[in-house]
Amino acid sequence: SQGSIDHIVPLKAGVTNHSFKFDINDRGYVFRLPGYGTDKLINRANEKATYLALGDLGIADEIVLFDEKSGIKISTYYPNSTIADPFSDEDLYLSMTKIKQVHDQSLRANHSYDLASMIRYYYKLADEIHAIRFRDVQDVLEKVEELLRLKDAMAIPEVLCHGDYAHTNVLKLSNGDIRLIDWEYSGMADPMMDVSMYTIYAQFDKARIDLAVEYYLGRKPTQQEAVRLYMYVALGGFLWSMWGQYKQGLGQEFGEYPMIMYRYMKDYYRIVQEMLLQ
């Protein structure tokens, strides 16, 4: 028999989606409703395929229902869980070792996390509604293309990556387990990209970015690994600065966020150039 649905509570509103918690027969679930305009940004069939690939590995949130047409997802609610604190060394270590475990599985998917396409797409969306406020954007775009060529030349073997790896997607369960949630942007990519995305989402300085990659690798990075790390910091910064400007153009307020992300692009482009000249 069907239980009655009760205790419907809105959860922390995500930037992309709206989520609610509800109970059936004293068991909690999370209902995710995709936000306005997300169909432009996210392929739900790909997201569903990722959840199937992760299957029963005990890595991701447990899916009860996933409708790829609407993007509606119902998953298990974990009571008394908390999100990772990126400025706690312990939580940063947990976050990095957990995503390394995922990467080391070398899981495959039929869809890729196509950073170049995403960058060009967000740039176009922001440009079309005249939302870009950076005067030197044409100059910076050339540097972005340069970094994308560098990425392609490296030809790093790709694995299934989270794509939106942020501390807010690292859930610490009350039993000590860790779950990585919200795989909307997942796809095949260079695993170093996940590390970089985590660091810029938390707005780390260089010392903390370097600590994150050491935790991830279990050692100091090689020259090539460091170049990859900083290259993705720069590219991720540009991507999210364009995304932020586009969202601002639609009326959402992001304050300094797009500028901070844009600064990552410029600063870490310079760092990559210096390292390549060594």
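Before reading further, recall that the structure is shown in the block above.
Residues numbered from 1 in each chain as written. Predicted model: local features only at pLDDT ≥ 70, side-chain atom pairs only at ≥ 80, totals over all residues. Heavy atoms only, no water.

S.K.: Hey, could you run me through the packing of aromatic side chains in this one?
M.R.: Under the defined criterion, the tally for this structure stands at 15 aromatic pairs. Centre to centre, the rings of F238 and Y262 are 6.4 Å apart; their planes meet at 35°, and the pair counts as tilted. Taken together, the residues span a long stretch of sequence, with F238 in helix α7 (residues 223-249) and Y262 in helix α8 (residues 257-277) at a distance of 24 residues. Of the residues examined, F238 reaches a relative accessible area of 0% and is grouped as buried. Owing to a relative accessible area of 3%, Y262 belongs among the buried residues under this scheme. The ring of Y216 carries K100 above its face, with NZ or CZ at 5.6 Å from the centroid. (Phe/Tyr/Trp six-rings, centres within 6.5 Å; stacked < 30°, edge-to-face > 60°. Helix = DSSP H or I, 4+ residues; strand = E, 2+ residues; numbered from the N terminus. Buried < 20%, exposed > 50% of the residue type's maximum accessible area, 1.4 Å probe, protein only. Lys NZ or Arg CZ within 6 Å of the ring centre and 35° of its normal.)

S.K.: How should I be thinking about the side chain of R208 in this particular structure?
M.R.: Its place among the elements puts R208 in helix α6 (residues 206-217). Once you skip the residues sitting within four places of it in the chain, R208 turns out to touch P86, F87, S88, D89 and L92. (Contact = heavy atoms within 4.5 Å.)

S.K.: Where do I start with unusual backbone geometry in this structure?
M.R.: Note: most residues except glycine have negative phi, and most peptide bonds are trans. In this structure, S106 is a non-glycine residue whose phi angle is positive, near 50°. On the secondary structure map, S106 appears in the loop between α2 (89-104) and α3 (115-128). Taking the relative accessible area as the measure of exposure, S106 reaches 42% and is therefore partly exposed. At D182, a residue that is not glycine, the phi angle is positive and equals roughly 60°. Checked against the element boundaries, D182 lands in the loop between β9 (178-180) and β10 (187-189).

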